[in-house]
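Each chain, letter by letter, is given below.
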Amino acid sequence: MDFAGRRVLGRTGLMVSRMGLASGYNVPAEAVHKAMDEHGINYFYWDRRRPVMARALREIAGTRRADMFIAVQSYDHLGFWLKGSVERALKKLGIDYADILFLGWLNSMPWDSVMNAALRLKESGKVRFLGFTGHNREFHGQMARSADSPFDVQMVRYNAAHRGAESDVFDGLPENRPGITTYTATRWGKLLDPKKMPAGESPLTPSECYRFVLSNPTVDLCLLGPKSMDEFDQGIKALVEGPLSDNDMERVRRIGDHVHG
């Protein structure tokens, strides 16, 4: 299993890097450029619409738009503001279309007004694919196994302490499945906290957290959301270090059980 290579993002057909960069914690512009230029990361998730990441993406997209995939997100659960929200995002990023529009915090099927607005954006070419994210694993599993799901990509919470997706979402997926992306690999930093560890156990490194997630054969891409260059450099090591050994996997799962408990 090669973490440094590309992988097909489910039925979208997009060839994406195994890690993607998210804007949520105000990722530095230097990290955005370094991700693309030095580490081959080609997937960027502009979720909280931070201006620093927007400027970096505009600079890269100006000459390399065809080499990158940009995802945007909306929390509009009514559908009234979705079109305007996406159009403002495209304008700020200096692009004509988003590769993926994620409907955020979706734990059940959205109202028809939301889906209709999203589908119109897709039909108009302003977004290529639709996705959703949320915490309801049962709904994620239903959509991932449904032949009628309107969603091409799903973003699932998954880490060593939150492994319920292994049975609820990842098992038994059809061949023509949606792309599976994940977030919170460090469980919001809890898996890195020495105070949360079992007695006598060292905390996990960021790389170990991301390697755990990427070692699952169903996960296409794991998001990295650093707030500093040090966090970026620590997390990106996962691409080079590759899959966990059996012994390391057992240790990571043991720590995850303790943190979850």
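As shown above, the structure is provided for reference.
Residues numbered from 1 in each chain as written. Predicted model: local features only at pLDDT ≥ 70, side-chain atom pairs only at ≥ 80, totals over all residues. Heavy atoms only, no water.

Things to note about the sheet that holds strand β9 (residues 179-183)
Strand order in this closed barrel of eight strands is β3-β4-β5-β6-β7-β8-β9-β10, and the pairing throughout is parallel. On average, adjacent strands in this sheet sit at an angle of 30° to one another, irrespective of strand direction. In terms of strand pairing, strand β6 (residues 98-103) meets strand β7 (residues 127-133) through five bridges, oriented parallel. Of the residues in β7, the one forming a bridge with Leu 103 is Phe 132. Across the face of the sheet, helix α3 (residues 82-93) comes into contact with β4 (43-46), β5 (69-74), β6 and β7 while running at roughly 140° to β5. Helix α5 (residues 137-145) rests against β7 and β8 (153-157) of the sheet, and its axis sits at about 155° to β8. (Pairing = 2+ DSSP bridges. Helix = DSSP H or I, 4+ residues; strand = E, 2+ residues; numbered from the N terminus. Axes fitted to C-alpha atoms, helices over the stretch in contact; angles between N-to-C directions. Contact = heavy atoms within 4.5 Å.)

Things to note about the packing of aromatic side chains
We describe a pair of aromatic rings using the distance from one ring centre to the other and the angle between the two ring planes. A complete count under the given rule lists six aromatic pairs for this structure. Considering the side-chain rings of Phe 80 and Trp 81, the 5.7 Å spacing of their centres and the 75° angle between planes classify their relative orientation as edge-to-face. Residues Phe 80 and Trp 81 agree in their burial class; the two are exposed. For the pair Phe 132 and Phe 139, a centre-to-centre distance of 5.1 Å together with 50° between the ring planes defines the contact as tilted. Across this residue pair, the class does not change: Phe 132 and Phe 139 are buried. (Phe/Tyr/Trp six-rings, centres within 6.5 Å; stacked < 30°, edge-to-face > 60°. Buried < 20%, exposed > 50% of the residue type's maximum accessible area, 1.4 Å probe, protein only.)

What about the packing of helix α1 (residues 29-39) against helix α8 (residues 229-241)?
Two numbers describe how α1 lies on α8: the axes approach to 10 Å, and their chain directions differ by 25°. Put simply, α1 runs roughly parallel to α8. The interaxial crossing formed by α1 with α8 has right-handed handedness. Across the interface between the two elements, Glu 30, Ala 31, Lys 34, Ala 35 and His 39 of α1 pack against Met 229, Phe 232, Asp 233, Ile 236 and Leu 239 of α8. (Parallel < 35°, antiparallel > 145°, perpendicular 65-115°, else oblique. Left-handed = near helix turned anticlockwise from the far one by under 90°.)

Considering the environment of Lys 190
Locating Lys 190 in the fold gives a position in the loop between β9 and α7 (206-214). Judged by its relative accessible area of 32%, Lys 190 falls in the partly exposed class. Taking the C-alpha atoms as reference points, Lys 190 and Ala 61, 129 residues apart in sequence, are found 35 Å from one another. The contact partners of Lys 190, leaving out residues within four places of it in the chain, are Lys 196, Met 197 and Val 259.

A look at the side chain of Glu 166
Here Glu 166 shows up in helix α6 (residues 165-170). Glu 166 has contacts with Tyr 158, Asp 171, Phe 212, Asn 216 and Arg 253, leaving out every residue within four places of it along the chain.

Regarding the nonpolar core
Counting 73 residues, the largest nonpolar core has Met 19, Leu 21, Val 32, Phe 44, Leu 101 and Leu 103 as its most contacted members. Apart from residues no more than four positions distant in its own chain, Met 19 is found in contact with Ile 41, Tyr 210, Leu 214, Leu 221, Cys 222, Leu 224, Gly 235, Ile 236, Ala 238 and Leu 239. The next biggest cluster of nonpolar side chains, apart from the first, holds 16 residues, and it includes Leu 14, Ala 22, Tyr 43 and Tyr 45. (Core = buried A, V, L, I, M, F, W, Y, C linked by side-chain atoms within 4.5 Å.)

Describing the pattern of salt bridges
Across all of its chains, the model carries 19 salt bridges by this definition. Ionic pairing is found between Asp 257 and Arg 163, a salt bridge with its closest N-O pair at 2.8 Å. Residue Asp 257 is located in helix α9 (residues 246-260), and its partner Arg 163 is located in the loop between β8 and α6; the two are separated by 94 residues in the primary sequence. Linking Arg 253 and Glu 166 is a salt bridge whose minimum nitrogen-to-oxygen distance equals 2.8 Å. Here the residue Arg 253 occupies a position in helix α9, and Glu 166 occupies one in helix α6, the gap between them amounting to 87 residues. By relative accessible area, which is 28% here, Arg 253 ends up partly exposed. (Salt bridge = Lys/Arg side-chain N within 4 Å of Asp/Glu carboxyl O.)

Brief notes about the pairing of strand β3 (residues 19-22)
Strand residues, when the strand is regular, have side chains that alternate between the two faces of the sheet. Because side chains alternate across β3, one face comprises the buried residues Met 19 and Leu 21, and the other comprises Gly 20 and Ala 22, equally buried. Sheet topology note: the β3/β4 ladder contains two bridges and is parallel. Residue pairing for β4: Leu 21 is matched across the bridge by Phe 44. At this point the chain moves from β3, through α1, to the parallel β4, and the crossover so formed is right-handed. (Right-handed = clockwise from strand over helix to strand, strands pointing away.)

Let's talk about the side chain of Arg 18
As for its position among the elements, Arg 18 is in the loop between β2 (15-17) and β3. Of the side chains with opposite charge, Asp 220 lies nearest to the buried Arg 18, which makes no salt bridge, at 6.3 Å. For Arg 18, the side chain forms a polar contact with the main-chain oxygen of Val 219, separated by 2.8 Å. Ignoring anything within four residues of it in the chain, the contact list for Arg 18 reads Met 1, Asp 2, Phe 3, Gly 5, Arg 7, Leu 214, Val 219, Asp 220, Leu 221, Cys 222 and Leu 239. (Lys, Arg positive; Asp, Glu negative; His and termini not counted. Polar contact = N/O pair within 3.5 Å; in protein donor to acceptor, adjacent residues only side chain to side chain.)

Overview of the pairing of β6
The element β6 is extensively covered by neighbouring structure, given that six of its six residues are classed as buried. Taken together, the four bridges between β5 and β6 define a ladder with parallel strand orientation. The residue of β6 that forms the bridge with Ala 71 is Ile 100. In this view, the connection linking β5 to its parallel neighbour β6 by way of α3 has right-handed handedness. Handedness of the crossover joining β6 and β7 through helix α4 (residues 112-123) is recorded here as right-handed.

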